[in-house]
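Notes for the structure review
Here is what each chain is made of, one letter per residue.
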Amino acid sequence: MRLRHGPLLAALCLGAAFPLLWYAVWQGGRENDLDVYQSQFLELRQRLMYAEEENKKRSHELSHALDEIKRVVAKIMNLTTNHTDDTKWKVLNLTRRLPVHVTNMYYYLPHLQEYKDAIFPNVIFGQQRTGVSLVMGIPTVKREKEHYLIRTLQSLLYELSEEQKNDCVIIVFVAEVNAEYVNSVAESIKTSFPREIQSGVLEVISPPASYYPDLSNLKKTLGDSEDRVRWRSKQNLDYSFLMLYAYPKGTLYLQLEDDIIAKSGYIQSIKTFAAKQSQEWMILEFSQLGFIGKLFKSEDLPFIAEFFLMFYKDKPVDWLIDHLLWVKVCNPMKDAVNCEKEKAKLRIRAKPSLFQHVGFYSSLAGKIQNLKDKDFGKNVLHKAHNNPPAKVDTSLTTYQQYTLEKVYEGKDCFWAMSPVAGDYISFIFLNPLKVEKYFFRSGNMEHPDDKLFNTTVEVLPADEMLRKELVDKGSKFNYPATKGGYLKIGAFENGIAEGSINQSIGKIQAIRLSVNSDSHVWAILSEVFIKTNDN
């Protein structure tokens, strides 16, 4: 009987063992799959970390190369001081191209193997400025309808001190290959901001036509149309190119768009917020919209640009930034809540927002984009000061409630219809004062063109004997004198009049702003500051 039951027992044991063996094999396969995924994730992470380290090493090399280029340019300029402007420009054309590097760039854009020079930008205007604290990048493209670039630059440059201008550079990247259009944009910027172009705070660059690959046959993804896929893919290429050019120029890089306005004091706010961060960060956000107001450390730019180039055809730039953060800090073995928590350590949001989107017509043809940042709040369009008691008067036609009294008292701006020759704005002190300095600002963030042009600053000495002497014999202070005894001590330049007053003039009875020619625009006075010994 035992012999007869032996085979049956063996069969039962084998039958019972088979499901266990099958489960073990299945579970092992599942674990193997997880191991493979984890291995691939770690491999990708290691490759990105390696690329990041390699790009940091090249920072010093590029800085040295830029210093050498600047030395050569200076030497060439010294050798060509007696040449014509055309000759100088031709010489400069040989040195306008700066080295741009990114690991594996030729791998992601293989067509560049045939166009080695396509990674070098055309520097249309620029003084090769480096070593600044803040670099701002603005890509701009041709729009079908309204253009916002000049207004954006006016907003960014408005109220910047000379110290701030000397410690920053704004790069306008005209991301088009039509030379006629690129030159027209460059000339428009130069006409509107000649001083900023000359000083180097503003640079204008464009890409070589051969930089862009064929974008006509891209695979449609995310349910987007062919036009939208092409538009967003080119955007990714534009951001990469701009970042790589900006990389060796400064410590921090701020990504902006060509249709924004900035809040007053934005540079100081950015520096203050960045300085108080106690933990490692990758992105500081000064706007909640898209890719506006995103601050990066310049040393991270090659690494970020390379990630964009890896996936430029697949997703829009704001999504790619999110994926990059995921790769850096998210653990695939943990849930999405943990991932968001980890990403938030690298991407830190500042409030209130410092930049507001003002564009209505998108750079994508046919797209309306009336986006507003609700955290931006209302921009302050005037600056208040504690001015000495005075009676104010003007011949200008005041617009609505924007009176001269309000700007003098720091409550609002003064807004008037177009001035004509002979118009004036005067501040008559209740008691004669020793005035040390004066500062007047015309125009504001929302209406930067409403400035005072060809307008002089004049002071009326309180000493009547001195006034009579000025009328009879002329000025002894090296200032031109008017028939009424006023001394012309200054003038508005680019919307601003500021200066010190010669203390030998004595006490001042009044300060007057005199308009010397007709203006085709309205006038705003957004800041008045009269500095005395008491304030």
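The structure this text deals with has already been given above.
Here's what I pulled together on the structure shown here. Just so it is clear, the model here is predicted, and its values are computed rather than measured.

Rules used in this analysis
Per chain, residues are indexed from 1 in the order of the written sequence. Under the rules for a predicted model, residues below a pLDDT of 70 receive no local features and side-chain atom pairs below 80 are neither given nor counted, while totals for whole chains, interfaces and linings still include all residues. Based on all heavy atoms of the structure, the side-chain values leave hydrogens and waters out of the count. Runs of E in the DSSP output that reach at least two residues are strands. Runs of H or I that reach at least four are helices, and both are numbered from the N terminus. Any two residues whose heavy atoms approach within 4.5 Å are treated as being in contact. Here an angle of 0 to 180 degrees is reported between the N-to-C directions of two axes, which are lines fitted to C-alpha atoms, with helices fitted over the stretch in contact. Here roughly perpendicular refers to angles of 65 to 115 degrees, roughly parallel to angles under 35, roughly antiparallel to angles over 145, and oblique to all remaining angles. Handedness of a crossing is defined here by the sense of rotation of the near helix relative to the far one, left-handed for an anticlockwise turn of less than a right angle and right-handed for a clockwise turn. Residues were grouped as follows: Ala, Val, Leu, Ile, Met, Phe, Trp, Tyr, Cys and Pro as nonpolar; Asp, Glu, Lys and Arg as charged; and all remaining residues, including Gly, as polar. Here, strands pair whenever DSSP counts at least two bridges between them. When accessible area is computed with a 1.4 Å probe and restricted to protein chains, residues below 20% of their type maximum are described as buried, those above 50% as exposed, and intermediate ones as partly exposed. Note that the arc is computed from the directions linking the helix axis to the C-beta atoms. As used in this record, nonpolar core signifies buried Ala, Val, Leu, Ile, Met, Phe, Trp, Tyr and Cys residues forming a set joined through side-chain atoms within 4.5 Å. For salt bridges, the criterion is a side-chain nitrogen of Lys or Arg within 4 Å of an Asp or Glu carboxyl oxygen. Each polar contact in these results corresponds to two N or O atoms within 3.5 Å; when the atoms are within protein, one needs to be able to donate a hydrogen and the other to accept it, and residues that are neighboring in sequence are counted only if both atoms are side-chain atoms.

**Describing the environment of Ile-524**
For Ile-524, the location among the structural elements is in strand β19 (residues 523-532). Residues contacting Ile-524, with those up to four places away along its chain left out, are Cys-413, Phe-414, Trp-415, Arg-441, Ser-442, Gly-443, Asn-444, His-447 and Asp-450.

**Some words on the packing of helix α8 (residues 226-246) against helix α10 (residues 301-310)**
Between α8 and α10, the least distance of the axes is 9 Å, while the angle of their chain directions is 160 degrees. With respect to α10, the element α8 is oriented roughly antiparallel. Between α8 and α10 lies a crossing of left-handed hand. Here Asn-236, Leu-237, Tyr-239, Ser-240, Met-243, Leu-244 and Ala-246 of α8 lie close against α10, whose contacting residues are Leu-301, Pro-302, Ile-304, Ala-305, Phe-308 and Leu-309. Each residue belonging to the contact of α8 with α10 can be placed in one class, and the counts come to 11 nonpolar, two polar and no charged.

**As for the sheet that holds strand β17 (residues 496-500)**
Taken in spatial order, the four strands of this open sheet run β12-β19-β14-β17, and their pairing is antiparallel. Either end of the sheet is taken by a strand with one partner, and the two such strands are β12 (414-416) and β17. If you compare each strand with its neighbour and ignore which way they point, the axes differ by 20 degrees on average. Relative to β19, strand β14 (residues 435-442) is paired through seven bridges, and the arrangement is antiparallel. Opposite Val-435, over in β19, you have Thr-532 as the bridge partner.

**What about helix α9 (residues 266-275)?**
Within α9, the full set of buried residues consists of Tyr-266, Ile-267, Ile-270, Phe-273 and Ala-274. Here the buried residues of α9 occupy an arc of 135 degrees about the axis, which is enough to place them on one side.

**Focus: the nonpolar core**
In terms of nonpolar packing, the biggest core is built from 49 residues, with Tyr-211, Phe-296, Ile-304 and Phe-308 touching the most fellow members. It is α8 that contributes the most residues to this core, nine residues altogether. When near neighbours in sequence (up to four residues on either side) are disregarded, Phe-308 contacts Asn-236, Tyr-239, Ser-240, Met-243, Phe-291, Val-317, Leu-320 and Ile-321. Among the nonpolar cores identified, the runner-up in size contains 44 residues, and Leu-156, Ile-170, Val-182 and Leu-254 belong to it.

**Observations concerning the pattern of salt bridges**
A complete count under the given rule lists 17 salt bridges for this structure. Across the salt bridge formed by Arg-230 and Glu-226, the nearest N and O atoms sit 3.5 Å from each other. One end of the pair is Arg-230 and the other is Glu-226, both in helix α8 and four residues apart, which spans about a single turn. For Arg-230, a relative accessible area of 26% gives the class partly exposed. Salt-bridge contacts for Asp-227 lead to Arg-230; the nearest nitrogen and oxygen are separated by 2.5 Å. On the criterion of helical spacing, the pair formed by Asp-227 and Arg-230 is a turn pair, its members being three residues apart in helix α8.

**Observations regarding the packing of α10 against helix α11 (residues 317-329)**
Following both chains from N to C, one finds α10 and α11 inclined at 115 degrees, their axes separated by 10 Å at the closest point. By the angle between their axes, α10 is roughly perpendicular relative to α11. Between α10 and α11 the crossing geometry is right-handed. Here Phe-303, Ile-304, Phe-307 and Phe-308 of α10 come into contact with α11, specifically with Val-317, Leu-320, Ile-321, His-323, Leu-324, Val-327 and Lys-328. For the contact of α10 with α11, the residue count by class is nine nonpolar, one polar and one charged.

**Thoughts on the pairing of β14**
Within β14, six of the eight residues are buried, leaving the element largely enclosed by the surrounding structure. Pairing geometry for β14 and β17, over five bridges, is antiparallel. Each residue of the ladder has a partner; that of Arg-441, found in β17, is Ile-496.

**Observations regarding the environment of Asp-238**
Checked against the element boundaries, Asp-238 lands in helix α8. Under the relative-accessibility criterion, Asp-238 is labelled buried at 5%. Each C-alpha atom of the pair Asp-238 and Ser-206 lies 9.8 Å from the other, and the pair is 32 residues apart in sequence. A polar contact is formed between the side chain of Asp-238 and the side chain of Tyr-212, at a distance of 2.5 Å.

**Here's the deal with the sheet that holds strand β2 (residues 132-140)**
Spatial strand order, β1-β4-β3-β2-β5-β8-β7-β9: eight strands in an open sheet with mixed pairing. Sheet topology places β1 (122-125) and β9 (347-349) at the edges, where each strand pairs with a single neighbour. Strand-to-strand twist in this sheet, taken as the mean axis angle between neighbours without regard to direction, amounts to 25 degrees. Pairing geometry for strand β7 (residues 283-285) and strand β8 (residues 294-297), over two bridges, is antiparallel. Pairing of Glu-285 across the sheet is with Lys-294, part of β8. Sitting on the sheet, α8 touches β1, β2, β3 (168-174), β4 (202-206), β5 (250-255) and β8, and the angle it makes with β5 is about 160 degrees.

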